[in-house]
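As a plain string of letters, each chain reads:
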Amino acid sequence: MQKHSILLVEDEEHLHEALKLNLEMDGYEVDSAYDGQEALKQIQSAHYDLIILDIMLPSLDGFSITERMRLNNNQTPILILSAKNTSANRVQGLKLGADDYLTKPFNLEELLKAVADAIDF
């Protein structure tokens, strides 16, 4: 059986490494991007089953990445994971085309459930 692939876009290194480890332990193949431009390049050059996306990123924010993907008809599920926890931020992310929006700090089990739900839709 082929592993599902996830692009993890998170610039906070400790959180990135912890998330990557937990996702890999759950059986996912995880690619990493630490800034918005790098993420866009990877999204254009590879297929992913899910993109986990921070909002506040160097070079290009997560809202812009979400918007560009949807404008290019890329329907890969997007799970936003952000410290921006107002309802206005959440609504903005969902309106731009994100499939789910979790706020930091988050419960790891809740995140893994959201990942499984997004991939198995």
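Further up the page is the structure itself.
Residues numbered from 1 in each chain as written. Predicted model: local features only at pLDDT ≥ 70, side-chain atom pairs only at ≥ 80, totals over all residues. Heavy atoms only, no water.

## Side note on the overall build of the protein chain
Secondary structure summary: the protein chain contains 5 helices and 5 strands in total. Start at the N end of the protein chain and walk to the C end: the helices and strands fall as β-α-β-α-β-α-β-α-β-α. Once the C-alpha set of the protein chain is aligned to its principal axes, its extents read approximately 35 × 30 × 30 Å. Of all 121 residues assigned to the protein chain, the portion counted as buried reaches 45%. For the protein chain, the exposed surface amounts to about 6,600 Å²; the carbon and sulfur share of it is 49%. Looking at charge distribution, the protein chain has the averaged site of its 10 positive side-chain charges lying 6 Å from that of its 21 negative ones. (Helix = DSSP H or I, 4+ residues; strand = E, 2+ residues; numbered from the N terminus. Buried < 20%, exposed > 50% of the residue type's maximum accessible area, 1.4 Å probe, protein only. Areas by Shrake-Rupley, 256 points an atom, 1.4 Å probe, with all protein chains shown as cover. Lys, Arg positive; Asp, Glu negative; His and termini not counted. Charge placed at Lys NZ, Arg CZ, Asp CG, Glu CD.)

## A look at the environment of Glu 38
Looking at the element boundaries, Glu 38 is found in helix 2 (residues 36–45). Each C-alpha atom, one on Glu 38 and one on Val 9, is 8.9 Å from the other, the two residues being 29 residues apart in sequence. With near-sequence residues (within four places) excluded, Glu 38 lies in contact with Ser 32 and Ala 33. (Contact = heavy atoms within 4.5 Å.)

## Quick notes on the nonpolar core
If you look at soluble globular proteins, the nonpolar side chains tend to sit buried side by side. Judged by nonpolar contacts, the single largest core of 19 residues is most densely connected at Leu 7, Val 9, Ile 51, Leu 53, Ile 65 and Ile 80. If we ignore the near neighbours within four places in the chain, the residues touching Ile 65 are Gly 36, Ala 39, Leu 40, Ile 43, Leu 53, Leu 57 and Leu 60. One finds Leu 19, Val 30, Leu 50 and Leu 102 within the second-largest nonpolar core, a separate group that totals 18 residues. (Core = buried A, V, L, I, M, F, W, Y, C linked by side-chain atoms within 4.5 Å.)

## Looking at the environment of Gln 2
For Gln 2, the position within the fold is in the segment before strand 1 (5–9). Classification of Gln 2 by relative accessible area gives exposed; the value is 71%. Sequence separation of Gln 2 and Gly 97 is 95 residues, and the distance between their C-alpha atoms is 27 Å.

## Some words on the sheet that holds strand 2 (residues 29–33)
As summarised here, the arrangement of the 5 strands in space is 2-1-3-4-5, forming an open sheet in which the pairing is parallel. In this open sheet, the two edge strands, each paired with only one partner strand, are strand 2 and strand 5 (100–103). Across the sheet, the axes of successive neighbouring strands diverge by a mean angle of 20°, strand direction being ignored. Relative to strand 4 (residues 78–82), strand 3 (residues 50–53) runs parallel, the two sharing 3 bridges. (Pairing = 2+ DSSP bridges. Axes fitted to C-alpha atoms, helices over the stretch in contact; angles between N-to-C directions.)

## Considering helix 2
The set of residues buried in helix 2 consists of Gly 36, Ala 39, Leu 40, Gln 42 and Ile 43. For helix 2, the buried positions fall inside an angular range of 165° around the axis, keeping them on one side. Exposed and facing more than 90 degrees away from the buried side of helix 2 are Lys 41, Gln 44 and Ser 45. Considering only its buried residues, helix 2 is in contact with strand 1, strand 2, strand 3 and helix 3 (62–71). (Arc of directions from axis to C-beta.)

## What to know about the packing of helix 3 against helix 4 (residues 87–96)
The contact between helix 3 and helix 4 brings their axes to 9 Å, and the two run at 20°. In terms of orientation, helix 3 and helix 4 fall into the roughly parallel class. Facing Phe 63, Thr 66, Glu 67 and Arg 70 of helix 3, the residues of helix 4 in contact are Asn 89, Gln 92, Gly 93 and Leu 96. (Parallel < 35°, antiparallel > 145°, perpendicular 65-115°, else oblique.)

Limitation: the analysis is restricted to geometry and does not speak to function.
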